[in-house]
Amino acid sequence: MTLDIEINRELCMGSGNCSFWAPGVFDLDDDGIAVVVDPAAQPEDKVILAAQGCPTQAISITRDGEKLV
């Protein structure tokens, strides 16, 4: 199953931690806010680590309706 990744654009401060920990999955848009580029670009553990490392907790991850982060 794939991960469902959501970013709260109001909370995101554009630190870039997510794109550092999971390059290819996350990137920053022209406004400096995180976006999901390709959820499958990195192993699941790296995507979860990236979400856990978000300083504002702007990233939430679910799988099959179960919240992981």
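Further up the page is the structure itself.
Since this is a predicted model, take the numbers as computed values, not measurements.

## Notes on the pattern of salt bridges
Stage number 1. Under the definition given, this model contains three salt bridges.
Stage number 2. Arg9 is paired through a salt bridge with Asp29; the nearest N and O atoms lie 2.9 Å apart. Linking Arg9 in the loop between strand 1 (4-7) and helix 1 (17-21) with Asp29 in the loop between strand 2 (26-28) and strand 3 (34-36), this pair joins segments that are 20 residues apart in sequence.
Stage number 3. Judged by its relative accessible area of 23%, Asp29 falls in the partly exposed class.
Stage number 4. Note that Glu44 is salt-bridged to Arg63, the shortest N-O span being 2.5 Å. Taken together, the residues Glu44 in helix 2 (residues 44-52) and Arg63 in strand 4 (residues 59-63) connect sequence positions 19 residues apart.
Stage number 5. With a relative accessible area of 32%, Glu44 lands in the partly exposed category.
Stage number 6. On the accessibility criterion, Arg63 (26% relative accessible area) is partly exposed.

## A short note on the environment of Ile7
Stage number 1. Considering the arrangement of structural elements, one finds Ile7 in strand 1.
Stage number 2. The residues contacting Ile7, other than those within four sequence positions of it, are Cys12, Phe26, Ala34, Val35, Val36, Ala58 and Ile59.

## Describing the pairing of strand 1
Stage number 1. Of the two faces of strand 1, only the one carrying Ile5 and Ile7 is buried; Asp4 and Glu6 on the other face are not.
Stage number 2. Here strand 1 runs beside strand 4; their pairing, made up of four bridges, is antiparallel. Residue pairing in the sheet places Glu6 in a bridge with Ser60 of strand 4.

What counts and what doesn't
- Residues numbered from 1 in each chain as written.
- Predicted model: local features only at pLDDT ≥ 70, side-chain atom pairs only at ≥ 80, totals over all residues.
- Heavy atoms only, no water.
- Salt bridge = Lys/Arg side-chain N within 4 Å of Asp/Glu carboxyl O.
- Helix = DSSP H or I, 4+ residues; strand = E, 2+ residues; numbered from the N terminus.
- Buried < 20%, exposed > 50% of the residue type's maximum accessible area, 1.4 Å probe, protein only.
- Contact = heavy atoms within 4.5 Å.
- Pairing = 2+ DSSP bridges.

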